[in-house]
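# Coordinate analysis (summary)
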Amino acid sequence: MSSHDHRLLPSASMERRLHPFHAFLLASAATLFVCALMSDGAYFMTPEIQWKNFATWLILGGLVFGGCAVLWALVDVIRLRRDARRSVAVYFLILLVAWSLGIINELVHAKDAFASMPEGLILSAIVAACAVVATVLGFSRLRAGEV
């Protein structure tokens, strides 16, 4: 190996970085899930059905972005070395829980009108909390100035 070949080998810190597109997917999913929670809260306090429709679409968007982020995190867990895998695995599991509960939440929101409440509101709160925790864990892999 020449003296310049060491730049081609990934270091442990490089393996743990969050790719900018992965960060975009993660932040988008968390934002959509939190907005769905706010929309559910508005629907719970008012009889306006459109808030429930907004929440349904926001959850669906969160599932799309979150599903891509879950797949990306799974690939990261598989490809990382054992010493770097633990923190990424915790992030992956919390994100997977948020995404799985998001699917259940979408099914609850498919009920007629107010029949989705208060289960939809409670599930939205749990999903949003898990998504925010996963986002904090995911972004904790970044260093200042990377994204």
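For the structure given in this document, a descriptive report is provided here. Model, not experiment: these values are computed from the prediction.

### Structural notes on unusual backbone geometry
Between Met117 and Pro118 the backbone carries a cis peptide bond, its omega angle lying at 0°. If you trace the backbone, Pro118 turns up in the loop between α4 (82–109) and α5 (119–139).

### Overview of the environment of Thr46
Within the secondary structure, Thr46 is located in the loop between α2 (20–45) and α3 (50–79). Judged by its relative accessible area of 31%, Thr46 falls in the partly exposed class. A distance of 2.8 Å separates a polar atom in the side chain of Thr46 from the backbone oxygen of Ala42.

### Digging into the pattern of salt bridges
Following the criterion strictly, the structure yields one salt bridge and no others. For the salt bridge of Asp76 with Arg79, the shortest nitrogen-to-oxygen distance reads 3.4 Å. Of this pair, Asp76 and Arg79 both sit in helix α3, separated by three residues, roughly a single helical turn.

### Focus on the environment of Ile104
Take Ile104: it is sitting in helix α4. The exposure class assigned to Ile104 is partly exposed, which follows from its relative accessible area of 42%. Between the C-alpha atoms of Ile104 and Ser124, which are 20 residues apart in sequence, the distance is 9.9 Å.

### Focus on the packing of aromatic side chains
The final tally for this structure, using the stated rule, is six aromatic pairs. Measuring from ring centre to ring centre gives 5.8 Å for Phe24 and Phe65, while their planes differ by 85°; the resulting arrangement is edge-to-face. Note that Phe24 is positioned in helix α2 and Phe65 in helix α3, a separation of 41 residues in sequence. Put simply, the rings of Phe21, Phe24, Phe65 and Trp72 touch in pairs and so form one group of aromatic residues.

Definitions and cut-offs
Residues numbered from 1 in each chain as written. Predicted model: local features only at pLDDT ≥ 70, side-chain atom pairs only at ≥ 80, totals over all residues. Heavy atoms only, no water. Helix = DSSP H or I, 4+ residues; strand = E, 2+ residues; numbered from the N terminus. Buried < 20%, exposed > 50% of the residue type's maximum accessible area, 1.4 Å probe, protein only. Polar contact = N/O pair within 3.5 Å; in protein donor to acceptor, adjacent residues only side chain to side chain. Salt bridge = Lys/Arg side-chain N within 4 Å of Asp/Glu carboxyl O. Phe/Tyr/Trp six-rings, centres within 6.5 Å; stacked < 30°, edge-to-face > 60°.

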